[in-house]
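Secondary and tertiary structure notes
Here is how the chains run, residue by residue.
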Amino acid sequence: MALLEGHGVSRAFGGVRALDGVDFAVEAGTIVGLIGPNGAGKTTLFNIVAGALAPSQGTVRFDGRQISGLPAYRICRRGIARTFQVTRPFGEMTCLENVAVGIINRHPALGQSEWQDRAAGFLAEVGLEAQARTAAKHLNVIQKKRLEIARALATEPRLLMLDEVLGGLNTQEIQEAVGFIRELRDRRGLTVFWIEHVMGAIMQAAEKVLVLDQGTLLMEGPPAAVVSDPRVVHAYLGD
Amino acid sequence: MKAIAKRWWLGAAVAAFAALPWTLGVYHQHILIVSLFYVMMAASWNLLAGYTGQVSFGHAAFAGIGAYASGILAVKAGVNPWIGVAAGTLLAAVFGFLLGILCLKLGGIYLSLTTLGFSEILHIVINNEYEITRGTMGLQVPGLIAEYSKLAYFYIFLAAALVTLAVVHRLIHANIGLNFRAVQNDERAAAALGVDVVRVRVLAFTVSSALAGMAGALYGHYLLLITPQIPSLDQQFLVLSMTVIGGLGSFAGPIIGAFGLEILSEYIRAYGEYHVLAFGLVALIVARFAPRGVVGIWNGWRARRDLARAAGAAP
Ligand SMILES: Nc1ncnc2c1ncn2[C@@H]1O[C@H](COP(=O)(O)OP(=O)(O)O)[C@@H](O)[C@H]1O
Ligand SMILES: [Mg+2]
């Protein structure tokens, strides 16, 4: 049994079928990539798993228990953390406080000095230690993405969902980021579900790739099989 | 070291303020007591509006619930006013909790609309239940102490204001305070990090309403006459203006705003009863151009001065 499973997951917005009967599975301990052209429904799928949106149809199970229909905060407490494609920092709060929110809802009894220490640790992990006392609104786009990751880690998830965290990075930085995520997975024993528009990166990092196109699962398989599949090439490049 | 020095200053300031009424006549003592009532009102409204970003228009109504509950208990059932104050606080908390559960799931604007409606309904009830509330004539109620003394009331109000400020301070500096601010900044991100947004909001609304209920109940027993002026929208907008002009979302803001505007309104009252309207307009301008109010302007000025000093000290 996979750690995360979806069955027949569908979601319509008005007349638009953003997702249409998608089945998927994310195996424990793996990095699973989710790719597809813009508007394919990737972020919508994440929103449904994380409880930010309810599915119109279908169910999602995490660790064998149904989570679809639960509010977002409960899903977080079950062990699923996500980053937002368009980052959503608590702008008026410091980076340290941003991360602390994740910590104190996992460990409500923690005192201030303890959560400060832990939050500093998470910030250091993503290379934001120097910004601990900076209001999050003053960060640049790349720093904001790092903060998203630190905050997500602070909730101590078993499943980490990343939504396009590589945007704005150059080739060299992408290499480093891929290494970082893999290392993170190994060190923390995480499972990673990762949306990325940059195909190359996901091909390196993932053990399995899912391809969404116009709300349906086009195919899934190991990265090598996916890139060479004519349907995928067609979906990305058109005729 | 710095924190200890700050404590000493704070203690000295409170002590000096506590000694102040001995040097004043009854009229100025009255102004201080009324100011302390508004400190309680503005600080508790700020807990909600400034720290969780929910605008309630029912804060004066909750003060009215506290005042009328305690007053009616005393007049109709001979209940001791102190017990009445406790009962009024509790009743305001219960109303806050129920209203909160009803509309906070829906979020944002619904709280504002519901509390506005609640405030209007309360007015209709007060005016129609003349037998019990004496309508606009006002309900005469007993005082908190056997022998009426402005000095005694001053200390009662000072103690109550300090309790209110302590509750607010504790909440915003406890872990729950981080959740308050997270919800205010971005509730979707907060929920994704494990914050139970509805619970946080209901809690803030309940505590805030209870504190307003306590302030109103005490105020009624000070004025000895409870009128629909206490739960009026006029009062509501005065409290709003005090908080916004003083500094929304800052601890000192409502205190500064409450004293500043109450003292000012005593002076400009001679020019007619339009001062609440004038304050409202000023609050609107402040909200637009200096969203952190007087406190924000002061902090900004100090930050710029420190920066200039640091630049000057650099070789
Ligand atoms: N909250 C929403 N309201 C209306 N339409 C939406 C909403 N979220 C997504 N959509 C639509 O659903 C489709 C899939 O969007 P999305 O999941 O963001 O795609 P992707 O992340 O793959 O680029 C798009 O057509 C988008 O316009
Ligand atoms: Mg997307």
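The coordinates are above.
Residues numbered from 1 in each chain as written. Chains lettered and ligands numbered in written order. Predicted model: local features only at pLDDT ≥ 70, side-chain atom pairs only at ≥ 80, totals over all residues.

1. Considerations on the overall build of chain A
Let me state the cut-off plainly: Only DSSP runs of H or I with at least four residues qualify as helices, and only runs of E with at least two residues qualify as strands; both kinds are numbered from the N terminus onward. C-alpha atoms define the radius of gyration, and 2.2 Å times the number of residues to the power 0.38 defines the globule rule. Here a residue counts as buried when 20 or more other C-beta atoms sit within 10 Å of its C-beta, as exposed when there are 12 or fewer, and as partly exposed otherwise, the C-beta atoms being derived from the backbone.
Scanning chain A for helices and strands turns up nine helices and 10 strands. Taken against the 2.2 N^0.38 rule, which gives 18 Å for 239 residues, the C-alpha radius of gyration of chain A at 18 Å falls within 12% of a compact globule. Projected onto its principal axes, the C-alpha positions of chain A cover 55 × 40 × 35 Å. Of all 239 residues assigned to chain A, the portion counted as buried reaches 45%.

2. Some points on the sheet that holds strand E1 (residues 4–13) of chain A
In a beta sheet, neighbouring strands pair by backbone hydrogen bonds and run either parallel or antiparallel. Residues and elements named next belong to chain A. Basically, it comes down to this: The pairing criterion is simple: DSSP has to find at least two bridges between the two strands. For the purpose of contact definition, each residue receives a C-beta atom placed from its backbone, and two residues are in contact when these atoms lie within 7 Å. Every angle, taken between N-to-C directions, lies between 0 and 180 degrees, and every axis is a line fitted to C-alpha atoms, over only the stretch in contact when it is a helix.
Spatially, the four strands line up as an open sheet ordered E2-E1-E4-E5, and their pairing is antiparallel. One side of each edge strand has no neighbouring strand; the edge strands of this open sheet are strand E2 (16–26) and strand E5 (65–66). Both E1 and strand E4 (residues 57–62) contribute to a ladder of five bridges, which runs antiparallel. Paired with Glu-5 across the two strands is Arg-61, which belongs to E4. Relative to E1, helix H1 (residues 42–50) is tilted by about 115°, and along the sheet it contacts E1, E2 and E4.

3. Notes on the interface of chain A and chain B
Many structure descriptions define interface size as the accessible area lost when the parts assemble. Heads up, the condition is: We call Asp, Glu, Lys and Arg charged. Ala, Val, Leu, Ile, Met, Phe, Trp, Tyr, Cys and Pro are nonpolar, and the rest, Gly among them, are polar.
In this assembly, 24 residues from chain A lie in contact with 16 residues from chain B. Elements supplying a minimum of two residues to the side of chain A that touches chain B: helix H2 (72–78) and helix H3 (95–106) of chain A. Considering every element that reaches the side of chain A that touches chain B, the biggest residue donor is H3 of chain A, with seven residues. Partitioning the side of chain A that touches chain B into residue classes produces 13 nonpolar, four polar and seven charged.

4. Description of the site of ligand 1
Residue and element names in this part refer to chain A. Selection rule: In this analysis, residues qualify as near a molecule or strand once their C-beta atom, positioned from backbone atoms, comes within 6 Å of it.
Within the structure, ligand 1 sits among Phe-13, Val-16, Ala-18, Gly-36, Asn-38, Gly-39, Ala-40, Gly-41, Lys-42, Thr-43 and Thr-44. The leading source of residues in the shell around ligand 1 is H1, at three residues. Its residues assigned to classes, the shell around ligand 1 shows four nonpolar, six polar and one charged.

5. Digging into helix H13 (residues 275–289) of chain B
Residue and element names in this part refer to chain B. To keep things clear, this is the line we draw: Helices are assigned an expected span. That span is 1.5 Å times one less than the residue count. By construction, the arc corresponds to the directions joining the helix axis to the C-beta atoms.
For H13, with 15 residues, the first-to-last C-alpha span of 21 Å sits near the 21 Å given by 1.5 Å per residue. All buried positions along H13 are accounted for by Phe-279, Ala-283 and Val-286. End-on, the buried residues of H13 take up no more than an arc of 65°, which puts them together on one face. Residues of H13 that are exposed and point more than 90 degrees away from the buried face comprise Leu-281, Leu-284, Ile-285, Arg-288 and Phe-289.

6. What to know about unusual backbone geometry
All names here are of chain A. Positioned with a positive phi, Glu-164 is a non-glycine residue whose angle comes to about 50°. Examined against the element boundaries, Glu-164 turns out to sit in the loop between strand E7 (159–163) and helix H6 (171–188). Unlike most non-glycine residues, Gln-214 shows phi in positive territory, near 45°. Among the secondary structure elements, Gln-214 is positioned in the loop between strand E9 (208–213) and strand E10 (216–221). Classification of Gln-214 as partly exposed rests on a count of 15 C-beta atoms within 10 Å.

7. A word on the environment of Gln-112 of chain A
Residue placement: Gln-112 of chain A occurs in helix H4 (residues 112–125). By the C-beta count within 10 Å, which is 13 here, Gln-112 of chain A ends up partly exposed.

8. Things to note about the pairing of E9 of chain A
Residues and elements named next belong to chain A. The pairing of strand E3 (residues 31–35) with E9 spans four bridges and is parallel. Looking across to E9, one finds that Ile-35 is bridged to Val-211. Two strands pair when backbone bridges link them, and E9 and E10 are joined in this way by five bridges, in the antiparallel orientation. Bridging from a neighbouring strand, Leu-210 pairs with Glu-220 of E10.

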